[in-house]
Amino acid sequence: MSNGIYTTTGKVYDFIVEKCPKNGMLMSFPETIAAMSAQGLLQETMPDSPPFHAGMTTEEFIGLLRQFRVDAAGIANQARLYPHDPVTQEHAMFPMARDVFCIVNMPYMAEYPHYHDFFEITYVVQGACTFLFENESAALSKGDLCIVSPMSGHSLPIQPGCIAISVVVRKSTLTKKDLLSLFFRNGLYESRRANYILLKTGNDPLTFTTLQELAYETNLLSENSNACAGSLLNLFLARALRAATIVSLHH
């Protein structure tokens, strides 16, 4: 299939790790894709979906994430907007007809706050990092989960060795009546009040396994993958909340 411009998460990661320490620069993700495009490192053929099996180890899951495709069409065009307009809209982030999407956070990203009009759920797969939220900071380690409401300024500077995956969710997706949905509704209807929630799951195996299935499902192009991803998202959040030893809500 060749109706676009593509790369993989692993290729983007390796490009950043090779280039950024040498030139001492921090770039946004769109700026990175633009640099790869300028060097002819993108491809017209869509990468195949990687194989998957249940109960992957951390190392196997990271290997799976490295094979996820990146649809570069349109991303490089956003590079000129950063940091002057660091706001990402749903239509620019989500593939067509998708309510849930997974991305891998890259090292050496520029640390200025960014904003978006959808929810972001970040899970630390390996290592540790610091989540920056307006005038606050929170230390995140393996198994920690951080959920950010729309239009809340935040950033997640990480170094090589830390792997963090973000699940981005349209505002209209989650409707269940529980603690997390209360947070979602507050973030949706009280847009002037920035907030986030932090869950420490202790690297709960069921939560991690469900995340693997969710991430894989969002990378598929099958007809029912969006419905499956929505169901897995609810299961992932429910298991994370059940496993959490510390629940912290910030306004």
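Shown above is the structure to which this text applies.
Residues numbered from 1 in each chain as written. Predicted model: local features only at pLDDT ≥ 70, side-chain atom pairs only at ≥ 80, totals over all residues. Heavy atoms only, no water.

### Here's the deal with the pattern of salt bridges
Selection rule: Salt bridges are defined as contacts in which a side-chain nitrogen from Lys or Arg sits within 4 Å of a carboxyl oxygen from Asp or Glu. For the purposes of this entry, the term helix denotes a DSSP run of H or I that reaches at least four residues, the term strand denotes a run of E that reaches at least two, and both are numbered from the N terminus. In this scheme, a residue with accessible area under 20% of its type's maximum is buried, one over 50% is exposed, and one in between is partly exposed, where area comes from a 1.4 Å probe on protein chains only.
Tallying each qualifying case throughout the model produces 3 salt bridges. Here Arg-66 ties to Asp-14 by a salt bridge, and the two come within 2.7 Å at their closest N and O atoms. Taken as a pair, Arg-66 in helix 3 (residues 58-66) and Asp-14 in helix 1 (residues 9-23) lie far apart in primary sequence, 52 residues in all. Residue classification places Arg-66 among the partly exposed residues on the basis of a relative accessible area of 34%. Note that Asp-144 and Lys-200 form a salt bridge whose closest N and O atoms lie 2.7 Å from each other. Taken together, the residues Asp-144 in strand 9 (residues 144-148) and Lys-200 in strand 12 (residues 196-200) connect sequence positions 56 residues apart.

### A short note on the pairing of strand 9
Each regular strand carries side chains that alternate between the two faces of the sheet. We count it as follows: Between any two strands, at least two bridges found by DSSP are needed for them to pair.
Counting buried positions along strand 9 yields 5 of 5 residues, so the element is predominantly enclosed. Neither face of strand 9 is open: one carries Asp-144, Cys-146 and Val-148, the other Leu-145 and Ile-147, and all of them are buried. Where strand 6 (residues 119-126) and strand 9 come together, 4 bridges link them in antiparallel fashion. From the neighbouring strand, Ile-121 faces strand 9, where its bridge partner is Ile-147. Looking at chain direction, strand 9 and strand 12 are connected through 5 bridges and run antiparallel. In the strand pairing of strand 12, Leu-145 is matched with Leu-199.

### Some thoughts on unusual backbone geometry
The phi dihedral of Tyr-108 falls on the positive side, at around 60°, and the residue is not glycine. Its location among the elements puts Tyr-108 in the loop between strand 4 (100-104) and strand 5 (115-116). If you check the backbone angles, Asn-203 has positive phi at about 60° while not being a glycine. Structurally, the position occupied by Asn-203 is in the loop between strand 12 and helix 6 (205-218). By relative accessible area, Asn-203 is classed as partly exposed at 29%.

### What about the packing of aromatic side chains?
For the record, the criterion: Stacked, edge-to-face and tilted are the three classes for Phe, Tyr and Trp ring pairs, Trp counted by its six-membered ring, which pair at centre distances within 6.5 Å; planes under 30 degrees apart are stacked, over 60 edge-to-face, the rest tilted.
Under the definition given, this model contains 7 aromatic pairs. When the ring of Tyr-123 is compared with that of Phe-236, the centres are 6.2 Å apart and the planes differ by 65°; the resulting orientation is edge-to-face. Taken together, the residues span a long stretch of sequence, with Tyr-123 in strand 6 and Phe-236 in helix 7 (residues 225-243) at a distance of 113 residues. Note on accessibility: Tyr-123 and Phe-236 belong to one class, buried. A connected cluster of aromatic rings, assembled from ring pairs, spans Phe-61, Tyr-123, Phe-208 and Phe-236.

### Thoughts on the sheet that holds strand 10 (residues 154-155)
One open sheet accounts for 3 strands, arranged 8-7-10; its pairing is antiparallel. Taken across any chain shown, the strands that pair with only one partner, and hence form the sheet edges, are strand 8 (136-141) and strand 10. Pairing analysis gives 6 bridges linking strand 7 (residues 128-133) to strand 8, with the strands arranged antiparallel. Bridging from a neighbouring strand, Cys-129 pairs with Leu-140 of strand 8.

### Considerations on the nonpolar core
Nonpolar side chains in soluble globular proteins generally cluster together in the buried interior. Our working rule: For the purposes of this section, nonpolar cores are sets of buried Ala, Val, Leu, Ile, Met, Phe, Trp, Tyr and Cys residues that join through side-chain atoms within 4.5 Å. Should any heavy atoms of two residues lie within 4.5 Å, those residues are considered in contact.
Core analysis: the biggest nonpolar cluster contains 49 residues, and Phe-61, Ile-121, Val-125, Ile-165, Val-167, Leu-211 and Leu-214 have the highest contact counts within it. Here this core gets 6 residues from one element, more than from any other, and that element is helix 7. Ignoring any residue separated from it by four or fewer positions in sequence, one finds Phe-61 in contact with Met-56, Val-125, Ile-165, Phe-208, Leu-211, Gln-212 and Ala-215. If you look at the next biggest cluster of nonpolar residues, it comprises 14 residues, including Leu-140, Cys-146, Ala-164 and Leu-198.

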